[in-house]
Amino acid sequence: MNKTSIQIDAIEKSFKDGTRALQPIQLEIEPGEVVVLLGPSGCGKSTLLRIVAGLEQPTRGKVLFNHTDVTGLPPEKRDVGFVFQQYALFPTMTVAENICFGMKIKKFSKSQQHKKLEELLTLLNIEELRDRRPNQLSGGQQQRVAIARAIATEPKILLMDEPLTALDAKLKEHLRLELAQLFRKLNITTLYVTHDQVEAMAIADRIAVMNKGRIEQIDSPREIYRHPKSPFVAQFVGQVNRMQGKLIERDQHKFIDFGFVEIAYDDDLVGGMEDKDTMGVEAFIRPEDIHIGHDHGIEMEITEVMFLGERIRLIGSCNGHKLMVDVANETMVERGDMIYLYVNQEKIIFG
Ligand code: ATP
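A quick note: this is a predicted structure, and the numbers were derived from the prediction, not measured.

1. So, the site of the ligand
Inspection of the region around the ligand gives 13 residues, with Ser 41, Gly 42, Lys 45, Ser 46 and Thr 47 positioned closest. A distance of 2.6 Å separates an oxygen atom of the ligand from a polar atom in the side chain of Ser 41. In this structure, an oxygen atom belonging to the ligand sits 2.5 Å away from a side-chain N or O atom of Thr 47. In isolation the ligand offers 630 Å² of accessible surface; the protein chains occlude 60% of this area. No other element matches helix H1 (residues 45-53), which puts three residues into the shell around the ligand. Each residue belonging to the shell around the ligand can be placed in one class, and the counts come to four nonpolar, six polar and three charged.

2. Section: the side chain of Gln 142
Along the chain, Gln 142 falls in helix H4 (residues 139-151). Residue class for Gln 142 comes out buried when judged on its relative accessible area of 17%. Within the structure, the side chain of Gln 142 is placed 3.3 Å from the backbone oxygen of Leu 137, a separation counted as a polar contact.

3. So, unusual backbone geometry
Note: most residues except glycine have negative phi, and most peptide bonds are trans. Phi is positive for Lys 212, which is not a glycine, with a value near 45°. One can find Lys 212 in the loop between strand S9 (206-211) and strand S10 (214-219). Even without glycine at this site, Asn 319 takes up a positive phi of about 55°. In this fold, Asn 319 is placed in the loop between strand S18 (311-318) and strand S19 (321-328).

What counts, and where the lines are drawn
- Residues numbered from 1 in each chain as written.
- Predicted model: local features only at pLDDT ≥ 70, side-chain atom pairs only at ≥ 80, totals over all residues.
- Heavy atoms only, no water.
- Near = heavy atom within 4 Å.
- Polar contact = N/O pair within 3.5 Å; in protein donor to acceptor, adjacent residues only side chain to side chain.
- Areas by Shrake-Rupley, 256 points an atom, 1.4 Å probe, with all protein chains shown as cover.
- Helix = DSSP H or I, 4+ residues; strand = E, 2+ residues; numbered from the N terminus.
- Nonpolar A, V, L, I, M, F, W, Y, C, P; charged D, E, K, R; others polar.
- Buried < 20%, exposed > 50% of the residue type's maximum accessible area, 1.4 Å probe, protein only.

As structure tokens, then:
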């Protein structure tokens, strides 16, 4: 498959009613890369995707494929495949006819169509569904057909808007894995929209976290999770405990006192999070980076125990601070227990 890069150059969008959906956005997507736009409802992810698709015109800025300006081109001239949340299959056509539709329009020969159809039915594991119509398929099966249809004409770019959102949790998890494998196999440049951070982590090469029409951070899933660059990203991706600290000095050494834990002050760590006026510091710690100690540490009284399957989440109070702590699922603790905790200080996020 021939590889295409995408350049989103200073794209802005304001709707007629004055809604400013996108602030100037700059984004370069490498050939074959899977970039996920992740953010809360209304942050502008779908608008950006629709602009790349040609379904929406930007107010300012350009979209380029392989550095060629496509901003004025209609969707059908952009050579992109779409998959949306609603599968939008043709209801009167069979699975095979749905998949072949685009190839017919593009005048693929009969033998090309046949070869591609067989290949896709196998790839997406839907061989036995070929003669069924959409109303005879489950949601997950319909979405597989929609994906097969989108990639049948070998588009340069694949655009997906919340393709798994309508599916139940188990099926979502299954298809998420299949999609990640499919992306690796196809090696097609993909822009994928979701508000689900687990889905984004599982399939993205890079995640662009969006907030209020801007990209707050674009990085690998690991970087986004371990080193979020703003409080918004830290709180949106994964779970965090927010810590509000004060700078203190003792014996000519500086410390940050978070109320329940104190750490040595380090200029490099704190960086931009420090508010010089109030001497306050904002930081975050993930529940899995606080551990249960043996007979000393930070005392916490457990107020809630939530069994989450693969782990247990404890909620409690430490010196008046509410904390979430994740522990292994065999840990024997109950509401009302007093436990000792220690914080993995290297994992404190200063944003
Ligand atoms: P969701 O996950 O809920 O789909 P999103 O991040 O995809 O959200 P967009 O659909 O891109 O968000 O919308 C961004 C902003 O633009 C929102 O405030 C939305 O209400 C607004 N918006 C979207 N389409 C239009 C339109 N046609 N006219 C006016 N405002 C619009």
